[in-house]
Amino acid sequence: MAVVKLENVCRYFGSTPAVLDFNLETREGEFVVLVGPSGCGKSTTLRMIAGLEEMDSGTLSFDGRPMQDVPVQDREIAMVFQSYALYPHRNVYDNLAFALKLRRFPKAEIEKRVRHAAQTLDIEPLLLRKPRELSGGQRQRVALGRAIVREPDVFLMDEPLSNLDAKLRVTMRAEIAKLHRRIGVTTFYVTHDQVEAMTMGDRIVVMNGGVIQQIATPLALYDEPVNSYVAGFIGNPPMNFLDADVSEDGGRIRGPGFDFELEPSLQQRLSSRNQHEVTIGFRPEHLKPRTDDALPTMGILQGTIELVEQMGSTTDIRLTVDGHSLIAELPRDQTLQIKDAVELGLLAGRLHVFDRDSGDRLNVAVSEIQPSSVRSRQSNGKLASV
Ligand SMILES: Nc1ncnc2c1ncn2[C@@H]1O[C@H](COP(=O)(O)OP(=O)(O)OP(=O)(O)O)[C@@H](O)[C@H]1O
Ligand SMILES: [Mg+2]
């Protein structure tokens, strides 16, 4: 277990930054997820922690020990990749034992560690099989086992589940989370799947274009995204966005098909910034049928249903409001039909307001944002194209 600290870490390929000014300090045993779209610098960051990729500037330390000049084989890390990269001609036991043999561990110690890893991962009965005789999930477990036997200070996992089918991913996701709880090794886990990020991470680092957008716990990220990029990236179905204008006196917010009174706290924030052109955001589950008056709403949206998706536990509808597409996640309802007119209430206290140009979320005064969730500001945080 180690505290991993990256300070102002940059990596350029040519003149293009792959990772720009990356700052993060883990807690001991923390499970940190790096998430973001393809090409945003996740693997490059992981490879720099491993020592497989040079850093152009910045510092990296494990428990306060500088790592920049420590070669990969001397860093107490173990990596698990998307391709399990098992040795096809060796059986599971030898795959697990290989790295320890290379390091000339005594035979008894190798035996002990391999048995223990196999037990932990529930693959003891498979020790004599070759990789081709294993299922995808079993192979992935062997790949994890190879990392465990090293007893590293830091685990680095780069999309380790992306070769598996959807059902197995869910199972293995839970297995990795349980494994982490049991052995408690500080872990960096790369994924572009926001559901994996939300369900596995103690903290999530959202990256875009090589720049950290936000570092926060899953629910903090969901409830208080720092900008419209993070807001649009996290959550499925994704957040709805509409351009809106704040009235001169700051009391109302208007846009296609709506004219809402602003809550006093939001009024204050927006008028102190003298901000009139904004983008509003609200999550699909924060729209509700107008007829349901159990919860207070800030206003009503009138639209036409374009598509009804019965999810079993909820009914999701896609609707247009004044020519703009929105998604609502409603309580299960079998009466809703395509082309129906609907009236939906937007729950009070659930409106996010973003700067239309920079994408910054305006609900929260910058001084109130926890230091851990402040992002580097080199690139703007406008809408994710998801
Ligand atoms: N060896 C290299 N030479 C040149 N450019 C590179 C190299 N490795 C990565 N890049 C570039 O750096 C950027 C970040 O790449 P990286 O592999 O870190 O992305 P990623 O977030 O892991 O993406 P993915 O989800 O597709 O794996 C990309 O634009 C990529 O093209
Ligand atoms: Mg990658």
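> Looking at this model, I keep getting lost on the confidence of the model for the protein. Mind explaining?
Detailed reading of the predicted model is not advised wherever pLDDT is low. When pLDDT is averaged across the protein, the result is 89; 94% of the residues are at 70 or more. Confidence drops under pLDDT 50 across residues 369-380; counting only partners more than four residues distant or on other chains, this segment forms 30 contacts.

> For this particular structure, what's the right way to read the layout of surface pockets?
Where empty space is left becomes clear once a probe the size of a water molecule has been rolled over the atoms. In this structure, the largest pocket occupies an estimated 480 Å³ of space. The set of elements that each furnish at least two residues to the lining of the largest pocket consists of strand 6 (77-80), helix 2 (92-102) and helix 4 (136-148). Residues belonging to the lining of the largest pocket are distributed by class as follows: 16 nonpolar, 3 polar and 3 charged.

> Would you take a moment to explain the packing of helix 2 against helix 3 (residues 107-121) for this structure?
For any two helices packed against each other, the geometry is given by the interaxial angle and the distance between the axes. Where helix 2 contacts helix 3, the axes come no closer than 10 Å and their chain directions differ by 135 degrees. Classified by the interaxial angle, the pair formed by helix 2 and helix 3 is oblique. In this structure, helix 2 crosses over helix 3, and the sense of that crossing is right-handed. In this structure, helix 2 uses Y93, L96, A97, L100 and K101 to contact helix 3, whose residues at the interface are I110, E111, R113, V114 and R115.

> Help me understand empty space enclosed by the protein, please; the structure alone is not making it clear to me.
Throughout the structure, instances matching the rule amount to 1 cavity of 30 Å³ or more. Here the largest cavity is characterised by a volume of approximately 30 Å³. In terms of lining residues, the largest cavity is bounded by F31, F155, M157, I176, L179, H180, I183 and T187. Among the secondary structure elements, those contributing two or more residues to the lining of the largest cavity are strand 7 (154-158) and helix 5 (166-183). Looking at the lining of the largest cavity, the element that brings in the most residues is helix 5, giving 4 residues. When grouped by side-chain class, the residues that make up the lining of the largest cavity number 6 nonpolar, 2 polar and no charged.

Rules used in this analysis
Residues numbered from 1 in each chain as written. Chains lettered and ligands numbered in written order. Predicted model: local features only at pLDDT ≥ 70, side-chain atom pairs only at ≥ 80, totals over all residues. Heavy atoms only, no water. pLDDT = per-residue confidence, 0-100. Contact = heavy atoms within 4.5 Å. 1 Å grid on protein atoms, 1.4 Å probe; cavity = no way out; pocket = protein on both sides within 12 Å on 5 of 7 lines; lining within 4 Å. Points joined across faces, edges and corners; volume = space filled by probe spheres on them. Helix = DSSP H or I, 4+ residues; strand = E, 2+ residues; numbered from the N terminus. Nonpolar A, V, L, I, M, F, W, Y, C, P; charged D, E, K, R; others polar. Axes fitted to C-alpha atoms, helices over the stretch in contact; angles between N-to-C directions. Parallel < 35°, antiparallel > 145°, perpendicular 65-115°, else oblique. Left-handed = near helix turned anticlockwise from the far one by under 90°.

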